[in-house]
Amino acid sequence: MWQSGEWATHVGFDDFCEYLLPYKVIEGQTFDNWKEYAYDVCKGNIDSLHYCSTFKHLAFKACERVNAELKTKLNPAIIINKSNLSIKKVDVAMKILKGTCDQYSFIATAVMRAKGIPVTIDFTPQWPFRSLGHSWNVLLDNFGKNLAFAGCLEGPGTALKVDEKMAKVFRRTYAVNRELEEVLRREKVLPPLLNNLCIKDVTHEYMKTHDVQIKIKAKTKHKYAYLAVFNNQIWTPIYWGQIKGNKVTFERMGSNIVYLPVCFENSGIVPIGSPFLLTYSGEKKDIVPNDHERQRLKLYRKYLFPQHAYKYYKSTIGGKIQAATHADFRDSVTLFTIREPGIYTGKITFKEKKFQYWRYVSPGRTSCNMAELFFFAKGNPKPVYGDIIGTKDSLNIIGRNKESVFDGDPLTFFESHPDLNTWVGLDFGKPVEIEKILYIARGDGNSIVFGNEYELMYWNHNGWISLGKQTAENNFLEYKDCPTGALFLLQNHTIGKDERIFTCKNGEQIWW
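Residues numbered from 1 in each chain as written. Predicted model: local features only at pLDDT ≥ 70, side-chain atom pairs only at ≥ 80, totals over all residues. Heavy atoms only, no water.

Caption draft 1: Quick peek at the overall build of the protein chain. Counting its secondary structure elements, the protein chain contains 7 helices and 28 strands. If one aligns the C-alpha atoms of the protein chain with their principal axes, the spans along those axes are about 85 × 60 × 35 Å. Sorting the 512 residues of the protein chain into buried and exposed places 51% on the buried side. Considering only contacts within the protein chain whose residues lie at least 6 apart along the sequence, 66% involve residues at least 24 apart. Total accessible area computed for the protein chain in this model is approximately 24800 Å², and 50% of it derives from carbon and sulfur atoms. If you average the places of the 67 positive and of the 55 negative side-chain charges in the protein chain, the two averages end up 2 Å apart. (Helix = DSSP H or I, 4+ residues; strand = E, 2+ residues; numbered from the N terminus. Buried < 20%, exposed > 50% of the residue type's maximum accessible area, 1.4 Å probe, protein only. Contact = heavy atoms within 4.5 Å. Areas by Shrake-Rupley, 256 points an atom, 1.4 Å probe, with all protein chains shown as cover. Lys, Arg positive; Asp, Glu negative; His and termini not counted. Charge placed at Lys NZ, Arg CZ, Asp CG, Glu CD.)

Take a look at the structure:
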(Lines give C-alpha, C1' and ligand atoms only; values in the text may rest on other atoms or scores of the structure.)
Protein backbone atom coordinates (compact mmCIF):
# COMPACT_ATOMS: atom_id res chain seq x y z
CA MET A 1 0.00 0.00 0.00
CA TRP A 2 2.88 2.36 0.69
CA GLN A 3 5.65 1.84 -1.87
CA SER A 4 3.76 -0.22 -4.43
CA GLY A 5 0.32 1.32 -4.04
CA GLU A 6 -1.22 4.28 -5.80
CA TRP A 7 -1.79 6.95 -3.16
CA ALA A 8 1.10 7.05 -0.68
CA THR A 9 4.27 6.95 -2.74
CA HIS A 10 5.01 10.52 -1.60
CA VAL A 11 4.94 9.60 2.10
CA GLY A 12 8.20 9.39 4.05
CA PHE A 13 8.98 6.63 6.54
CA ASP A 14 8.08 8.56 9.71
CA ASP A 15 4.73 9.62 8.28
CA PHE A 16 4.15 6.10 6.94
CA CYS A 17 4.42 4.85 10.53
CA GLU A 18 1.63 7.22 11.58
CA TYR A 19 -0.69 7.48 8.58
CA LEU A 20 -0.71 3.91 7.21
CA LEU A 21 1.12 1.32 9.28
CA PRO A 22 -0.75 1.22 12.65
CA TYR A 23 -2.82 -1.90 13.22
CA LYS A 24 -5.46 0.21 14.97
CA VAL A 25 -7.05 3.60 14.43
CA ILE A 26 -8.20 4.26 18.01
CA GLU A 27 -7.55 2.78 21.42
CA GLY A 28 -9.73 -0.21 22.25
CA GLN A 29 -10.40 -1.05 18.61
CA THR A 30 -11.50 -4.63 18.04
CA PHE A 31 -8.72 -6.92 16.77
CA ASP A 32 -10.17 -8.34 13.57
CA ASN A 33 -9.50 -8.18 9.84
CA TRP A 34 -10.80 -4.64 9.63
CA LYS A 35 -8.48 -3.64 6.78
CA GLU A 36 -9.78 -6.45 4.56
CA TYR A 37 -13.36 -5.39 5.25
CA ALA A 38 -12.66 -1.68 4.83
CA TYR A 39 -10.75 -2.22 1.59
CA ASP A 40 -13.82 -3.72 -0.06
CA VAL A 41 -16.32 -1.00 0.88
CA CYS A 42 -16.72 2.35 -0.83
CA LYS A 43 -14.34 1.78 -3.72
CA GLY A 44 -15.01 5.36 -4.80
CA ASN A 45 -14.16 4.62 -8.44
CA ILE A 46 -10.52 5.39 -7.64
CA ASP A 47 -9.19 2.74 -10.00
CA SER A 48 -10.09 4.96 -12.96
CA LEU A 49 -7.72 7.64 -11.66
CA HIS A 50 -4.80 5.39 -12.60
CA TYR A 51 -5.51 6.04 -16.27
CA CYS A 52 -5.44 9.85 -15.96
CA SER A 53 -1.96 11.34 -15.96
CA THR A 54 -3.24 14.39 -14.07
CA PHE A 55 -4.76 12.43 -11.19
CA LYS A 56 -2.51 9.37 -11.13
CA HIS A 57 -1.10 8.92 -7.61
CA LEU A 58 -2.94 12.06 -6.44
CA ALA A 59 -4.03 11.27 -2.87
CA PHE A 60 -6.38 14.28 -2.75
CA LYS A 61 -8.52 12.96 -5.59
CA ALA A 62 -8.65 9.43 -4.20
CA CYS A 63 -9.62 10.69 -0.76
CA GLU A 64 -12.28 12.96 -2.23
CA ARG A 65 -13.94 10.15 -4.18
CA VAL A 66 -13.88 7.59 -1.36
CA ASN A 67 -15.24 10.10 1.13
CA ALA A 68 -18.05 11.08 -1.24
CA GLU A 69 -19.08 7.44 -1.52
CA LEU A 70 -18.89 7.04 2.26
CA LYS A 71 -21.30 9.95 2.58
CA THR A 72 -23.72 8.36 0.13
CA LYS A 73 -23.45 4.91 1.71
CA LEU A 74 -23.76 5.96 5.35
CA ASN A 75 -26.01 9.03 5.00
CA PRO A 76 -24.40 10.29 8.22
CA ALA A 77 -26.34 12.10 10.91
CA ILE A 78 -24.24 13.79 13.60
CA ILE A 79 -25.40 13.39 17.21
CA ILE A 80 -23.95 14.67 20.46
CA ASN A 81 -22.89 11.79 22.67
CA LYS A 82 -21.74 13.04 26.05
CA SER A 83 -21.38 9.51 27.46
CA ASN A 84 -18.30 8.96 25.25
CA LEU A 85 -19.77 5.62 24.18
CA SER A 86 -18.38 4.68 20.77
CA ILE A 87 -18.41 1.64 18.51
CA LYS A 88 -14.85 0.39 18.00
CA LYS A 89 -15.49 -2.30 15.40
CA VAL A 90 -15.32 -0.95 11.85
CA ASP A 91 -18.01 -3.10 10.22
CA VAL A 92 -20.44 -2.50 13.10
CA ALA A 93 -19.76 1.25 13.18
CA MET A 94 -20.68 1.50 9.52
CA LYS A 95 -24.11 0.01 10.24
CA ILE A 96 -25.06 2.56 12.90
CA LEU A 97 -27.50 5.15 11.53
CA LYS A 98 -26.23 8.04 13.65
CA GLY A 99 -22.86 8.88 15.10
CA THR A 100 -20.53 11.47 16.60
CA CYS A 101 -17.76 13.30 14.81
CA ASP A 102 -15.35 10.91 16.58
CA GLN A 103 -17.21 7.95 15.12
CA TYR A 104 -17.19 9.20 11.54
CA SER A 105 -13.53 10.21 11.78
CA PHE A 106 -12.74 6.67 12.93
CA ILE A 107 -14.66 5.11 10.02
CA ALA A 108 -13.09 7.38 7.41
CA THR A 109 -9.57 6.77 8.72
CA ALA A 110 -10.06 2.99 8.69
CA VAL A 111 -11.40 2.95 5.13
CA MET A 112 -8.76 5.34 3.77
CA ARG A 113 -5.84 3.50 5.36
CA ALA A 114 -7.14 0.18 4.12
CA LYS A 115 -6.90 1.58 0.59
CA GLY A 116 -3.45 3.06 1.16
CA ILE A 117 -4.62 6.69 1.40
CA PRO A 118 -2.61 8.51 4.13
CA VAL A 119 -5.19 9.82 6.59
CA THR A 120 -5.29 10.42 10.34
CA ILE A 121 -7.41 12.27 12.93
CA ASP A 122 -7.06 15.78 14.38
CA PHE A 123 -9.16 17.14 17.23
CA THR A 124 -9.67 20.08 19.52
CA PRO A 125 -10.34 18.75 23.02
CA GLN A 126 -12.56 21.64 24.09
CA TRP A 127 -14.08 24.55 22.21
CA PRO A 128 -13.14 27.82 23.96
CA PHE A 129 -16.57 29.36 23.33
CA ARG A 130 -19.02 26.52 24.09
CA SER A 131 -19.28 22.96 25.38
CA LEU A 132 -17.62 19.83 23.96
CA GLY A 133 -14.81 19.49 21.43
CA HIS A 134 -14.57 18.26 17.84
CA SER A 135 -12.76 15.66 15.71
CA TRP A 136 -12.06 15.57 11.99
CA ASN A 137 -9.73 13.91 9.50
CA VAL A 138 -6.59 15.12 7.77
CA LEU A 139 -5.10 13.89 4.51
CA LEU A 140 -1.35 14.08 3.93
CA ASP A 141 -1.39 15.23 0.32
CA ASN A 142 1.29 14.90 -2.34
CA PHE A 143 2.69 18.35 -1.57
CA GLY A 144 3.30 17.68 2.12
CA LYS A 145 0.24 19.52 3.40
CA ASN A 146 -2.22 18.15 5.91
CA LEU A 147 -5.67 18.91 4.49
CA ALA A 148 -8.55 18.81 6.95
CA PHE A 149 -11.82 17.16 5.97
CA ALA A 150 -14.97 15.89 7.64
CA GLY A 151 -14.82 12.11 7.36
CA CYS A 152 -17.94 10.57 5.74
CA LEU A 153 -19.32 14.10 5.24
CA GLU A 154 -17.30 16.58 3.20
CA GLY A 155 -14.13 16.34 1.13
CA PRO A 156 -10.61 17.64 1.88
CA GLY A 157 -10.39 21.28 2.89
CA THR A 158 -13.93 21.54 4.32
CA ALA A 159 -13.75 20.32 7.92
CA LEU A 160 -13.84 23.57 9.88
CA LYS A 161 -15.54 26.94 9.67
CA VAL A 162 -13.08 29.78 9.33
CA ASP A 163 -14.68 31.66 12.23
CA GLU A 164 -14.40 28.84 14.78
CA LYS A 165 -11.59 29.77 17.14
CA MET A 166 -9.66 27.01 18.87
CA ALA A 167 -7.36 27.05 21.86
CA LYS A 168 -5.53 23.85 20.93
CA VAL A 169 -5.48 21.27 18.13
CA PHE A 170 -3.93 17.83 18.55
CA ARG A 171 -3.21 14.99 16.14
CA ARG A 172 -3.82 11.41 17.17
CA THR A 173 -0.61 9.44 16.80
CA TYR A 174 0.66 5.91 17.24
CA ALA A 175 3.88 7.12 18.87
CA VAL A 176 3.86 8.27 22.49
CA ASN A 177 4.31 11.98 23.18
CA ARG A 178 7.48 11.90 25.29
CA GLU A 179 6.88 15.39 26.67
CA LEU A 180 3.43 14.46 27.90
CA GLU A 181 4.81 11.20 29.24
CA GLU A 182 7.27 13.22 31.32
CA VAL A 183 4.41 15.37 32.65
CA LEU A 184 2.63 12.22 33.80
CA ARG A 185 5.80 10.80 35.36
CA ARG A 186 6.37 13.92 37.45
CA GLU A 187 2.76 14.83 38.22
CA LYS A 188 1.29 11.30 38.60
CA VAL A 189 -2.11 12.46 37.29
CA LEU A 190 -3.25 14.21 34.12
CA PRO A 191 -6.42 16.22 33.38
CA PRO A 192 -9.07 14.04 31.67
CA LEU A 193 -8.79 15.72 28.25
CA LEU A 194 -5.02 15.11 28.19
CA ASN A 195 -5.12 11.56 29.52
CA ASN A 196 -4.02 10.08 26.19
CA LEU A 197 -0.26 10.10 25.62
CA CYS A 198 -0.55 9.37 21.89
CA ILE A 199 -1.19 12.91 20.68
CA LYS A 200 0.89 15.81 19.41
CA ASP A 201 0.27 19.53 19.21
CA VAL A 202 -0.47 20.77 15.67
CA THR A 203 -2.21 24.05 16.55
CA HIS A 204 0.29 26.03 14.47
CA GLU A 205 -0.91 24.22 11.32
CA TYR A 206 -4.34 25.84 11.71
CA MET A 207 -3.72 29.36 12.94
CA LYS A 208 -1.28 31.97 14.11
CA THR A 209 -0.35 31.07 17.68
CA HIS A 210 1.30 32.86 20.60
CA ASP A 211 3.44 31.81 23.54
CA VAL A 212 2.25 33.21 26.84
CA GLN A 213 4.14 33.42 30.13
CA ILE A 214 2.51 33.37 33.56
CA LYS A 215 3.98 34.47 36.86
CA ILE A 216 3.01 32.29 39.81
CA LYS A 217 2.63 34.34 42.98
CA ALA A 218 2.22 31.50 45.51
CA LYS A 219 4.53 28.54 46.01
CA THR A 220 3.39 25.22 44.60
CA LYS A 221 4.60 21.64 44.82
CA HIS A 222 3.69 21.04 41.19
CA LYS A 223 6.23 20.85 38.37
CA TYR A 224 3.70 21.60 35.63
CA ALA A 225 0.76 23.95 35.22
CA TYR A 226 -2.08 24.08 32.69
CA LEU A 227 -4.18 26.57 30.84
CA ALA A 228 -7.90 25.94 31.13
CA VAL A 229 -10.85 27.18 29.08
CA PHE A 230 -14.47 27.38 30.21
CA ASN A 231 -16.76 24.62 28.92
CA ASN A 232 -20.13 26.21 29.88
CA GLN A 233 -19.94 24.62 33.34
CA ILE A 234 -16.37 24.43 34.64
CA TRP A 235 -12.77 25.32 33.75
CA THR A 236 -11.18 22.54 31.68
CA PRO A 237 -7.36 22.20 31.29
CA ILE A 238 -6.29 21.80 27.66
CA TYR A 239 -2.50 22.35 27.61
CA TRP A 240 0.52 22.11 29.84
CA GLY A 241 3.65 24.11 30.62
CA GLN A 242 6.67 23.39 32.83
CA ILE A 243 7.08 25.55 35.92
CA LYS A 244 10.53 27.11 36.13
CA GLY A 245 11.07 29.17 39.25
CA ASN A 246 7.98 31.32 39.57
CA LYS A 247 7.16 31.33 35.86
CA VAL A 248 5.58 28.97 33.36
CA THR A 249 5.39 29.36 29.59
CA PHE A 250 2.59 27.90 27.49
CA GLU A 251 3.54 27.49 23.86
CA ARG A 252 1.49 27.89 20.68
CA MET A 253 -1.84 28.99 22.14
CA GLY A 254 -4.89 30.13 20.19
CA SER A 255 -5.89 33.79 20.50
CA ASN A 256 -8.97 35.87 21.36
CA ILE A 257 -9.66 33.39 24.15
CA VAL A 258 -10.02 33.73 27.92
CA TYR A 259 -7.78 31.28 29.82
CA LEU A 260 -7.35 30.41 33.49
CA PRO A 261 -3.92 29.16 34.69
CA VAL A 262 -4.28 26.16 37.00
CA CYS A 263 -2.51 23.18 38.50
CA PHE A 264 -4.23 19.81 38.56
CA GLU A 265 -4.72 17.31 41.36
CA ASN A 266 -6.88 14.25 41.97
CA SER A 267 -9.53 16.54 43.43
CA GLY A 268 -9.55 18.77 40.35
CA ILE A 269 -8.08 22.12 39.32
CA VAL A 270 -6.27 24.55 41.61
CA PRO A 271 -6.18 28.12 40.19
CA ILE A 272 -2.73 29.74 40.32
CA GLY A 273 -3.50 33.10 38.74
CA SER A 274 -6.17 35.41 37.37
CA PRO A 275 -8.09 34.63 34.18
CA PHE A 276 -6.75 36.54 31.21
CA LEU A 277 -7.56 37.33 27.60
CA LEU A 278 -4.94 36.38 25.03
CA THR A 279 -5.54 38.91 22.25
CA TYR A 280 -5.08 38.44 18.51
CA SER A 281 -1.75 40.26 18.77
CA GLY A 282 -0.54 37.98 21.58
CA GLU A 283 -1.02 40.48 24.41
CA LYS A 284 -1.98 39.03 27.78
CA LYS A 285 -4.71 41.07 29.48
CA ASP A 286 -5.51 40.01 33.04
CA ILE A 287 -9.19 40.12 34.03
CA VAL A 288 -9.18 41.37 37.61
CA PRO A 289 -12.24 42.80 39.42
CA ASN A 290 -12.01 46.34 40.74
CA ASP A 291 -14.00 46.41 43.98
CA HIS A 292 -13.44 50.14 44.40
CA GLU A 293 -15.31 51.04 41.21
CA ARG A 294 -18.82 49.65 41.04
CA GLN A 295 -21.31 49.46 38.19
CA ARG A 296 -24.96 48.66 37.53
CA LEU A 297 -25.59 45.77 35.13
CA LYS A 298 -28.74 45.17 33.13
CA LEU A 299 -28.64 41.61 31.80
CA TYR A 300 -30.84 40.16 29.07
CA ARG A 301 -29.17 36.79 28.42
CA LYS A 302 -27.05 34.15 30.15
CA TYR A 303 -25.44 32.79 26.98
CA LEU A 304 -24.16 34.23 23.72
CA PHE A 305 -26.70 34.61 20.94
CA PRO A 306 -26.56 31.65 18.47
CA GLN A 307 -26.55 32.77 14.86
CA HIS A 308 -28.58 29.74 13.70
CA ALA A 309 -31.54 30.91 15.82
CA TYR A 310 -31.73 34.32 14.17
CA LYS A 311 -34.11 33.08 11.47
CA TYR A 312 -36.68 32.24 14.14
CA TYR A 313 -36.35 35.59 15.89
CA LYS A 314 -36.54 37.33 12.52
CA SER A 315 -39.72 35.44 11.62
CA THR A 316 -41.63 37.37 14.31
CA ILE A 317 -41.09 40.70 12.53
CA GLY A 318 -44.54 41.84 11.46
CA GLY A 319 -46.24 39.75 14.11
CA LYS A 320 -49.14 41.48 15.86
CA ILE A 321 -50.68 41.62 19.31
CA GLN A 322 -54.44 41.90 18.89
CA ALA A 323 -57.38 42.06 21.29
CA ALA A 324 -61.16 41.71 20.78
CA THR A 325 -64.51 41.48 22.52
CA HIS A 326 -65.73 38.64 20.26
CA ALA A 327 -64.23 35.14 20.07
CA ASP A 328 -63.91 35.26 16.27
CA PHE A 329 -61.91 38.51 16.52
CA ARG A 330 -64.20 40.23 14.03
CA ASP A 331 -63.76 43.44 16.00
CA SER A 332 -60.04 42.91 16.70
CA VAL A 333 -57.77 45.83 17.41
CA THR A 334 -54.05 45.68 16.64
CA LEU A 335 -52.31 47.06 19.70
CA PHE A 336 -48.69 46.36 18.79
CA THR A 337 -46.64 45.23 15.78
CA ILE A 338 -43.19 43.70 16.22
CA ARG A 339 -40.69 45.75 14.23
CA GLU A 340 -37.35 44.24 15.30
CA PRO A 341 -36.13 40.66 15.82
CA GLY A 342 -36.50 39.86 19.52
CA ILE A 343 -33.18 38.22 20.31
CA TYR A 344 -34.03 38.99 23.93
CA THR A 345 -37.32 38.58 25.74
CA GLY A 346 -39.70 41.14 24.24
CA LYS A 347 -41.68 43.56 26.38
CA ILE A 348 -44.89 45.38 25.38
CA THR A 349 -46.79 47.85 27.57
CA PHE A 350 -50.34 49.24 27.18
CA LYS A 351 -52.56 51.91 28.71
CA GLU A 352 -56.21 51.24 29.56
CA LYS A 353 -56.75 48.31 27.19
CA LYS A 354 -59.51 45.99 28.42
CA PHE A 355 -60.61 42.98 26.34
CA GLN A 356 -61.66 39.37 26.89
CA TYR A 357 -59.71 37.88 23.97
CA TRP A 358 -56.00 38.48 23.41
CA ARG A 359 -53.72 36.90 20.83
CA TYR A 360 -50.45 36.93 18.94
CA VAL A 361 -50.88 36.78 15.15
CA SER A 362 -47.95 35.40 13.19
CA PRO A 363 -46.82 37.26 10.04
CA GLY A 364 -47.95 35.74 6.75
CA ARG A 365 -46.27 32.52 5.54
CA THR A 366 -44.33 31.88 8.75
CA SER A 367 -44.70 29.03 11.21
CA CYS A 368 -45.56 31.19 14.25
CA ASN A 369 -42.33 30.30 16.13
CA MET A 370 -43.58 31.80 19.39
CA ALA A 371 -42.19 30.11 22.51
CA GLU A 372 -43.76 31.99 25.43
CA LEU A 373 -46.39 34.65 26.08
CA PHE A 374 -46.92 36.19 29.52
CA PHE A 375 -49.94 38.47 30.02
CA PHE A 376 -49.97 40.79 33.05
CA ALA A 377 -53.20 42.37 34.27
CA LYS A 378 -53.12 45.86 35.73
CA GLY A 379 -51.68 45.87 39.24
CA ASN A 380 -50.81 42.14 39.18
CA PRO A 381 -47.07 41.25 39.26
CA LYS A 382 -47.83 37.67 38.22
CA PRO A 383 -49.04 36.61 34.76
CA VAL A 384 -52.72 35.83 34.30
CA TYR A 385 -54.05 32.86 32.34
CA GLY A 386 -57.24 31.81 30.61
CA ASP A 387 -58.39 29.22 28.11
CA ILE A 388 -55.82 28.65 25.36
CA ILE A 389 -57.16 29.51 21.92
CA GLY A 390 -55.58 29.62 18.50
CA THR A 391 -55.04 28.02 15.13
CA LYS A 392 -55.52 24.26 14.97
CA ASP A 393 -52.20 22.43 15.30
CA SER A 394 -51.07 21.33 11.86
CA LEU A 395 -47.99 19.33 12.85
CA ASN A 396 -49.44 17.57 15.93
CA ILE A 397 -46.08 17.36 17.70
CA ILE A 398 -45.82 17.55 21.48
CA GLY A 399 -43.79 20.59 22.44
CA ARG A 400 -44.70 22.33 19.20
CA ASN A 401 -48.40 23.04 19.78
CA LYS A 402 -50.24 26.14 20.96
CA GLU A 403 -50.23 24.88 24.56
CA SER A 404 -46.43 25.17 24.47
CA VAL A 405 -46.71 28.95 24.38
CA PHE A 406 -47.99 28.97 27.97
CA ASP A 407 -46.00 26.12 29.58
CA GLY A 408 -43.19 28.29 30.99
CA ASP A 409 -40.56 26.44 28.96
CA PRO A 410 -38.77 28.65 26.40
CA LEU A 411 -37.48 25.58 24.55
CA THR A 412 -40.99 24.50 23.51
CA PHE A 413 -42.90 26.57 20.96
CA PHE A 414 -45.87 26.73 18.60
CA GLU A 415 -44.97 25.64 15.09
CA SER A 416 -47.57 25.35 12.38
CA HIS A 417 -47.70 25.01 8.63
CA PRO A 418 -46.42 28.29 7.09
CA ASP A 419 -49.42 28.52 4.74
CA LEU A 420 -51.83 28.93 7.66
CA ASN A 421 -52.80 32.27 9.15
CA THR A 422 -51.42 31.20 12.51
CA TRP A 423 -52.36 32.80 15.82
CA VAL A 424 -52.37 31.85 19.49
CA GLY A 425 -53.81 33.54 22.55
CA LEU A 426 -56.02 33.42 25.64
CA ASP A 427 -59.73 33.73 26.43
CA PHE A 428 -59.88 35.24 29.93
CA GLY A 429 -63.64 34.60 30.30
CA LYS A 430 -64.28 38.28 30.94
CA PRO A 431 -62.74 41.59 29.88
CA VAL A 432 -59.30 42.02 31.44
CA GLU A 433 -57.14 45.11 31.41
CA ILE A 434 -53.68 43.95 30.28
CA GLU A 435 -50.89 46.44 30.90
CA LYS A 436 -47.83 44.38 29.96
CA ILE A 437 -46.93 41.39 27.77
CA LEU A 438 -43.60 39.57 27.78
CA TYR A 439 -42.87 37.32 24.81
CA ILE A 440 -40.07 34.95 23.84
CA ALA A 441 -39.60 33.84 20.25
CA ARG A 442 -38.46 30.35 19.39
CA GLY A 443 -34.73 30.15 20.05
CA ASP A 444 -32.15 28.72 22.40
CA GLY A 445 -33.96 29.40 25.69
CA ASN A 446 -31.17 31.56 27.09
CA SER A 447 -32.99 34.87 27.29
CA ILE A 448 -34.17 35.98 30.73
CA VAL A 449 -37.36 34.00 31.48
CA PHE A 450 -40.01 35.38 33.81
CA GLY A 451 -40.26 33.43 37.07
CA ASN A 452 -36.87 31.72 36.73
CA GLU A 453 -34.29 32.05 39.49
CA TYR A 454 -30.89 33.42 38.47
CA GLU A 455 -27.58 34.00 40.19
CA LEU A 456 -24.85 36.37 39.02
CA MET A 457 -21.25 35.61 40.00
CA TYR A 458 -17.83 37.06 39.29
CA TRP A 459 -14.38 35.46 39.45
CA ASN A 460 -12.15 36.70 42.24
CA HIS A 461 -8.85 35.09 43.25
CA ASN A 462 -9.56 31.33 43.27
CA GLY A 463 -13.28 31.02 42.62
CA TRP A 464 -16.71 32.43 41.85
CA ILE A 465 -18.18 35.03 44.21
CA SER A 466 -21.99 35.38 44.26
CA LEU A 467 -23.60 38.76 43.71
CA GLY A 468 -26.96 37.35 44.77
CA LYS A 469 -29.93 35.42 43.44
CA GLN A 470 -32.92 36.97 41.72
CA THR A 471 -36.23 35.70 40.43
CA ALA A 472 -36.92 37.36 37.08
CA GLU A 473 -39.88 39.74 37.23
CA ASN A 474 -39.25 41.31 33.85
CA ASN A 475 -37.44 40.62 30.60
CA PHE A 476 -34.12 41.53 32.20
CA LEU A 477 -32.19 41.29 35.46
CA GLU A 478 -30.63 44.28 37.17
CA TYR A 479 -27.69 44.10 39.55
CA LYS A 480 -26.79 47.45 41.11
CA ASP A 481 -23.47 46.91 42.89
CA CYS A 482 -21.05 44.96 40.67
CA PRO A 483 -17.26 45.33 40.42
CA THR A 484 -15.86 46.73 37.22
CA GLY A 485 -13.28 44.87 35.14
CA ALA A 486 -14.57 41.47 36.29
CA LEU A 487 -15.31 38.17 34.58
CA PHE A 488 -18.97 37.25 35.14
CA LEU A 489 -21.15 34.15 34.95
CA LEU A 490 -24.97 34.17 35.07
CA GLN A 491 -26.62 30.91 36.11
CA ASN A 492 -30.26 29.87 35.77
CA HIS A 493 -31.15 27.65 38.74
CA THR A 494 -34.61 26.81 37.34
CA ILE A 495 -33.98 25.35 33.89
CA GLY A 496 -31.26 25.11 31.26
CA LYS A 497 -27.58 24.25 31.29
CA ASP A 498 -25.86 26.62 28.84
CA GLU A 499 -23.96 29.32 30.72
CA ARG A 500 -21.14 31.44 29.35
CA ILE A 501 -18.52 33.68 30.90
CA PHE A 502 -18.65 37.34 29.92
CA THR A 503 -17.21 40.76 30.65
CA CYS A 504 -19.13 44.04 30.46
CA LYS A 505 -18.19 47.20 28.61
CA ASN A 506 -20.44 50.26 28.40
CA GLY A 507 -23.34 48.12 29.60
CA GLU A 508 -22.88 45.46 26.92
CA GLN A 509 -22.27 41.78 27.66
CA ILE A 510 -19.14 40.58 25.83
CA TRP A 511 -19.06 36.79 25.65
CA TRP A 512 -15.95 34.62 25.94
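Caption draft 2: Seen up close, helix 3 (residues 59-74). An ideal rise of 1.5 Å per residue puts 22 Å on 16 residues; helix 3 measures up with 22 Å between its terminal C-alpha atoms. Within the sequence span of helix 3, burial applies to Ala59, Ala62, Cys63, Val66, Asn67, Leu70 and Leu74. Viewed along the axis of helix 3, the buried residues span an arc of 120 degrees, placing them on a single side of the element. Residues of helix 3 that are buried in the fold lie against helix 5 (101-114), strand 2 (134-140) and strand 3 (146-149). Following helix 3 by one or two positions, Asn75 has its phi on the positive side, about 45 degrees. (Expected span 1.5 Å × (residues − 1). Arc of directions from axis to C-beta.)

Caption draft 3: Geometry of the sheet that holds strand 5 (residues 199-201). Across the sheet, which stays open at both edges, the 5 strands sit in the order 3-2-1-4-5 with antiparallel pairing between neighbours. In the strand order of this sheet, the two ends are held by strand 3 and strand 5, each with one partner. Sheet twist, expressed as the average angle between the axes of neighbouring strands with direction ignored, equals 35 degrees. Two elements, strand 1 (residues 119-124) and strand 2, share 6 bridges in a ladder whose sense is antiparallel. Residue pairing in the sheet places Asp122 in a bridge with Trp136 of strand 2. Its contacts with the sheet put helix 5 on strand 1, strand 2 and strand 3, and the angle it makes with strand 2 is roughly 20 degrees. (Pairing = 2+ DSSP bridges. Axes fitted to C-alpha atoms, helices over the stretch in contact; angles between N-to-C directions.)

Caption draft 4: Representation of the side chain of Asn492 within the structure. Turning to its location among the elements, Asn492 is positioned in strand 26 (residues 488-492). By relative accessible area, which is 6% here, Asn492 ends up buried. Side-chain polar atoms of Asn492 contact the side chain of Asn452, separated by 3.1 Å. Reaching out from Asn492, the side chain makes a polar contact with the side chain of Tyr454 at a distance of 3.3 Å. (Polar contact = N/O pair within 3.5 Å; in protein donor to acceptor, adjacent residues only side chain to side chain.)

Caption draft 5: Layout of the nonpolar core. Formed by 45 residues in total, the largest nonpolar core has its most connected members in Trp235, Trp240, Met253 and Tyr259. Looking at this core, the elements that each hand over two or more residues are helix 6 (178-187), strand 6 (210-215), strand 7 (224-230), strand 8 (235-244), strand 9 (247-253), strand 10 (257-265), strand 12 (276-278) and strand 23 (453-460). Once you skip the residues sitting within four places of it in the chain, Tyr259 turns out to touch Ala167, Leu227, Ala228, Val229, Trp235, Ile238, Met253, Gly254, Ser274, Pro275, Phe276 and Leu278. In terms of nonpolar packing, the next biggest core, distinct from the first, is built from 32 residues, Val41, Ala62, Phe106 and Ala114 among them. (Core = buried A, V, L, I, M, F, W, Y, C linked by side-chain atoms within 4.5 Å.)

Caption draft 6: Expanded view of the pairing of strand 9. Note: strand 6 against strand 9, 5 bridges, orientation antiparallel. When the sheet's bridge partners are listed, Ile214 is paired in strand 9 with Val248. Here strand 8 pairs with strand 9 via 2 bridges, running antiparallel. Within the sheet, the bridge partner assigned to Lys244 lies in strand 9 and is Lys247. The loop that links strand 8 with its antiparallel partner strand 9 comprises 2 residues; one of these, Gly245, has a positive phi angle of about 70 degrees.

Caption draft 7: Structural view of the packing of helix 3 against helix 5. Running from N to C, helix 3 and helix 5 point in directions that differ by 130 degrees, and their axes come no closer than 11 Å. In terms of their interaxial angle, helix 3 and helix 5 are classed as oblique. Crossing hand, helix 3 versus helix 5: right-handed. Judged by residue contacts, Cys63, Val66, Asn67, Leu70 and Leu74 of helix 3 engage Tyr104, Ile107, Ala108, Val111 and Met112 from helix 5. A per-class count over the contact of helix 3 with helix 5 returns 9 nonpolar, 1 polar and no charged. (Parallel < 35°, antiparallel > 145°, perpendicular 65-115°, else oblique. Left-handed = near helix turned anticlockwise from the far one by under 90°. Nonpolar A, V, L, I, M, F, W, Y, C, P; charged D, E, K, R; others polar.)

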